[in-house]
Amino acid sequence: MSANSRPPQRPGWRAAALIYTITGAVCILACAVVPDSEAGMLVAIAGGLPWSLSLLTLDLSPGVANTALMMLAGSWAINAALLWWLALRRPGHHGPSHPA
């Protein structure tokens, strides 16, 4: 590969990252607008796995809903960041290369 050649496109990972990011934003906004929706909350928790398991550390004190929503938003953000990292990284550059 020459120095001016472009890295191969990764449309599958980019599409997955974009879809996941948009879905996450919609889920979190829906949970904020309609906090009493059990189905919406279950979708948000499932989409944020494994990080959303941190919700188990919360107690049932008043005002915990805002903390839970922030934890879910963080869970989706971590997963989206990992997907974008996979989508945008350059393949084949895992270590120093030595010419033969």
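Conventions and cut-offs
Residues numbered from 1 in each chain as written. Predicted model: local features only at pLDDT ≥ 70, side-chain atom pairs only at ≥ 80, totals over all residues. Heavy atoms only, no water. Helix = DSSP H or I, 4+ residues; strand = E, 2+ residues; numbered from the N terminus. Buried < 20%, exposed > 50% of the residue type's maximum accessible area, 1.4 Å probe, protein only. Contact = heavy atoms within 4.5 Å. Axes fitted to C-alpha atoms, helices over the stretch in contact; angles between N-to-C directions. Parallel < 35°, antiparallel > 145°, perpendicular 65-115°, else oblique. Left-handed = near helix turned anticlockwise from the far one by under 90°. Nonpolar A, V, L, I, M, F, W, Y, C, P; charged D, E, K, R; others polar. Phe/Tyr/Trp six-rings, centres within 6.5 Å; stacked < 30°, edge-to-face > 60°.

Draft legend 1. Region of interest: the environment of Leu55. Looking at the secondary structure, you find Leu55 in the loop between helix 2 (38-47) and helix 3 (64-88). Leu55 sits in the buried class, given a relative accessible area of 18%. Put simply, Leu55 and Leu72 are 17 residues apart on the chain and 8.1 Å apart in space, counted from C-alpha to C-alpha. Aside from chain neighbours lying at most four places away, what touches Leu55 is Ile45, Ala68, Met71 and Leu72.

Draft legend 2. Molecular detail of the side chain of Asn79. Inspection of the secondary structure assignment puts Asn79 in helix 3. What Asn79 contacts, discounting residues up to four positions off in sequence, is Tyr20, Gly47, Gly48, Leu49, Pro50 and Trp51.

Draft legend 3. Structural view of the packing of helix 1 (residues 11-33) against helix 2. Running from N to C, helix 1 and helix 2 cross one another at 140°; their axes reach a closest spacing of 9 Å. Accordingly, the angle class assigned to the pair helix 1 and helix 2 is oblique. For helix 1 against helix 2, the interelement crossing comes out left-handed. Within the contact between the two elements, helix 1 uses Tyr20, Cys27 and Cys31 and helix 2 uses Gly40, Met41, Val43, Ala44 and Gly47. Residues of the contact of helix 1 with helix 2, tallied by class, amount to six nonpolar, two polar and no charged.

Draft legend 4. A look at the packing of aromatic side chains. According to the stated counting rule, one finds one aromatic pair in the structure shown. Seen in terms of ring centroids, Tyr20 and Trp76 are 4.6 Å apart; in terms of plane orientation they differ by 25°. Their pairing is stacked. You can see Tyr20 sitting in helix 1 and its partner Trp76 sitting in helix 3, a full 56 residues away along the chain. Overall, the relative accessible area of 17% leaves Tyr20 in the buried class.

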